[in-house]
Amino acid sequence: MAKIAPLSGFPEFLPGQRIVEQQILDTVREIFELHGFASLETRSVEPLEQLLRKGEIDKEVYVLRRLHASDADQPSQADQLGLHFDLTVPLARYVLQNAGHLDFPFRRYQIQKVWRGERPQEGRYREFTQADIDIIGRDTLAFHHEVEIALVMAEVFAALPIPPAIIKVNNRKLVEGFFRGVGAADHEAGLRALDKLDKVGSDRVRTLLIDEAGVDSDRADVCLQMAQISGSDGSVADRLRGLGVQHPLLDQGLDELMAVVTAAEARRPGAVAADLKIARGLDYYTGTVFETELAGFESLGSICSGGRYDSLATDGRATFPGIGISLGVSRLVVPLLAAGHLQASRTVPSCVLVAVGDESERAASDAVADQLRSRGISTEVAPQAAKFGKQIRHADRRGIPFVWFASADGHSVKDIRSGDQVDADPTTWNPPASDLRPTVTMDSGQATDPRDPQQEEFTS
RNA sequence: GUGGGUGUAGCUCAGCUGGUAGAGCGCCGCGUUGUGGUCGCGGAUGUCGCGGGUUCGAGUCCCGUCACUCACCCCA
């Protein structure tokens, strides 16, 4: 029999892994809604023209084509449909389209698949799930939302059974002002160079700054010093000012950066830190930018990124500035599962397996199952009236904690982990609350409830 | 798109200079004739990625191809 190979970059889960992902998605959704973000789903496709605004053809967009389309009705680029590669561009289109029906500032979350036609690697996929929150204003958007957005994500990280995640913040105005202040010819090239600091080291970045960004060789070191500044208190501003670079944009960016960092530090210490080397590739960001580093998984890159965009959407009369951040659910979950750090307590939702003594007694077992289900206990009935040993094994393989035995003498339920078996009444029996649903465990033996912010510390 | 690595049982892998394919784990059965897990004994499983070539003979050598994977680029 021919083996079906997996399709690279299109991750799929086994049932137990899917349970982990679903619980994480449930937690994300719950916290987003706790903060009043409304759910939105946009279509999977946008006109190619919309996706490629500013003529960037380097974006790896998957296009959609009818199998039976003839060469004659080859659509123009304007009509061609592409799968969206993020959730921000569709949001911009949606806001313009529905501006008359929306109330501003408009707060929405969106958890959907996106597609990018890139070469896959660990943590980067061709089809993956993003969880976005954005706040969109009409003409203006108050600055405090930038703090709010970061703190909502920080709350998500605190609630998830994952290693510590730190949101790194920088500001485009600050960096641009800095590069103007040191007389760089191309501040965008400078940005890209600094972004590589962790990867290629300061010597190579110095070369890039000089060759690509046009920084004078004697000022390249000042840029490197700037890039090495990070922290979550006022010393960040002091160290930056100590470098002596002057530019109005730099001052404005620094004020904004410090406002985000100090406000976040006051409300959730340790969750957010300034880091002046982070750049963010996407070109529509105009101020605050976010990246998130997952402890022990730094090589994945950012698991959650976003920022402020002043002019992503405009209809000529009004502009719609926004602030948003996007959690790469797949980038977070797939590597943690692959490394074996996350485990579900079982591979099925079932809390109870009702044994079947003989096929002639199946109806009685079904009745027990229905009684348990009516009280919210996920229950399945044994597929065969096999030996009880096999039925217990059926439950054991799947991690189902309880097996129910019904006989003419009465009912009993066995906790197959302890082996304890007790008489029970299907109309009143309840499992311990912790067994009602599958639980997600981080590493070995540490049960964590994704909804419980008091989760265990990650140990690697 | 560019460059490197790897394809052998369900999984992880061994298989030397060519000589008819192996281990561990898992799976199935029995011991234990209707209460699993431990233990013991027994058993099943392969187009050796695919196509071609060299050879008496190819998992092994050569060519091609596909897939997976890592790095660059870029990003969640």
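These numbers come from a predicted model, not from an experiment.

Re helix α10 (residues 248-267)
Here's step 1: Between its first and last C-alpha, α10 extends 29 Å over 20 residues, near the 28 Å set by a 1.5 Å rise per residue.
Here's step 2: Within the span of α10, buried status applies to Leu 250, Gly 253, Leu 254, Glu 256, Leu 257, Met 258, Val 260, Val 261 and Ala 264.

Some thoughts on the environment of Ala 237
Here's step 1: Positionally, Ala 237 belongs in helix α9 (residues 235-242).
Here's step 2: Sequence spacing of Ala 237 and Ala 274 is 37 residues, and the spatial spacing of their C-alpha atoms is 9.8 Å.
Here's step 3: What Ala 237 contacts, discounting residues up to four positions off in sequence, is Leu 254 and Met 258.

Thoughts on helix α8 (residues 217-227)
Here's step 1: For α8, the set of buried residues is Ala 220, Val 222, Cys 223, Leu 224, Met 226 and Ala 227.
Here's step 2: The inward-facing, buried residues of α8 contact α5 (172-181), α6 (187-195), α7 (197-211), α9 and β9 (272-275).

Concerning the confidence of the model for chain A
Here's step 1: Residues at a pLDDT of 70 or more form 92% of chain A, whose mean pLDDT is 88.
Here's step 2: A low-confidence stretch, residues 444-460 (pLDDT under 50), is modelled with 43 contacts involving residues beyond four sequence positions or located in other chains.
Here's step 3: Of the two predicted TM-score estimates for the complex, the pTM is 0.90 and the ipTM is 0.88.

Quick notes on the protein's contact with RNA strand B
Here's step 1: Near RNA strand B you find 45 residues, and of these Arg 116, Arg 124, Arg 280, Gly 357 and Phe 388 are the closest.
Here's step 2: One nitrogen or oxygen atom from the side chain of Arg 397 is found 3.0 Å from a phosphate oxygen belonging to RNA strand B.
Here's step 3: At the level of elements, β6 (127-136), β11 (304-314) and α13 (388-398) are the ones that each hand at least two residues to the surface near RNA strand B.
Here's step 4: By residue class, the composition of the surface near RNA strand B is 15 nonpolar, 13 polar and 17 charged.

So, the domain arrangement of chain A
Here's step 1: Structurally, chain A comprises domain 1 (15-343) and domain 2 (352-437).
Here's step 2: The distance between the C-alpha centroids of domain 1 and domain 2 comes to 49 Å.

Digging into the pattern of salt bridges
Here's step 1: Counted according to the given criterion, the structure contains 21 salt bridges.
Here's step 2: Here Asp 221 makes a salt bridge to Arg 206, at a shortest N to O gap of 2.7 Å. Taken together, the residues Asp 221 in helix α8 and Arg 206 in helix α7 connect sequence positions 15 residues apart.
Here's step 3: For Asp 221, a relative accessible area of 32% gives the class partly exposed.
Here's step 4: When the shortest N-O distance is used, the salt bridge between Glu 359 and Arg 362 registers 2.8 Å.
Here's step 5: Several salt bridges converge on common partners, so that one network encompasses Lys 168, Asp 275, Lys 277 and Glu 293.

Considerations on the sheet that holds strand β14 (residues 352-354)
What links the strands of a sheet is backbone hydrogen bonding, and the strands pair in either a parallel or an antiparallel sense.
Here's step 1: With mixed pairing, the five strands of this open sheet are ordered in space as β15-β14-β16-β17-β18. Strands with a single pairing partner mark the edges of an open sheet, and in this sheet they are β15 (379-381) and β18 (421-423). Strand-to-strand twist in this sheet, taken as the mean axis angle between neighbours without regard to direction, amounts to 25°.
Here's step 2: In the sheet, β14 pairs with β15 via three bridges, with the strands oriented parallel. Of the residues in β15, the one forming a bridge with Val 352 is Thr 379.
Here's step 3: Most of the contacts of helix α12 (residues 362-374) go to β15, to which it runs at about 175°, and overall it touches β14, β15, β16 (402-407) and β17 (410-415).

What counts, and at which threshold
For every chain, the first residue of the written sequence is number 1, and numbering continues from 1 along that sequence. The order in which chains are written sets their letters, starting at A; the order in which ligands are written sets their numbers, starting at 1. Only residues with pLDDT of 70 or above have their local features reported here, since the model is predicted, and side-chain atom pairs are shown and tallied only from 80 upward, although totals for entire chains, interfaces and linings are computed over all residues. The side-chain numbers reported here are obtained from all heavy atoms of the structure, hydrogens and water having been left aside. Labels follow the DSSP assignment, with helices taken as runs of H or I lasting at least four residues and strands as runs of E lasting at least two, numbered in each case from the N terminus. In a helix, the anticipated span is given by 1.5 Å times the number of residues less one. Relative accessibility decides the category of a residue: with a 1.4 Å probe and only protein chains considered, values under 20% of the type maximum give buried, values over 50% give exposed, and everything between is partly exposed. By the convention used here, residues are in contact when the closest approach between their heavy atoms is within 4.5 Å. Each residue carries a pLDDT score, the predictor's own confidence in it, on a scale running from 0 to 100. Each residue is tested against the molecule or strand, and it is near if at least one of its non-hydrogen atoms lies within 4 Å. Pairs of N or O atoms are called polar contacts if they sit within 3.5 Å, as long as, within protein, a hydrogen donor faces a hydrogen acceptor (for residues adjacent in sequence, only side-chain-to-side-chain pairs). In this classification, the charged set is Asp, Glu, Lys and Arg, the nonpolar set is Ala, Val, Leu, Ile, Met, Phe, Trp, Tyr, Cys and Pro, and all remaining amino acids, among them Gly, are polar. Residue ranges labeled as domains rest on an automatic or database domain assignment. The term salt bridge refers to a pairing of a side-chain nitrogen on Lys or Arg with a carboxyl oxygen on Asp or Glu at a separation within 4 Å. Only strands joined by at least two bridges in the DSSP assignment are considered to pair. The angle between two axes is taken between their N-to-C directions and runs from 0 to 180 degrees, where each axis is a line fitted to C-alpha atoms and a helix contributes only its stretch in contact.

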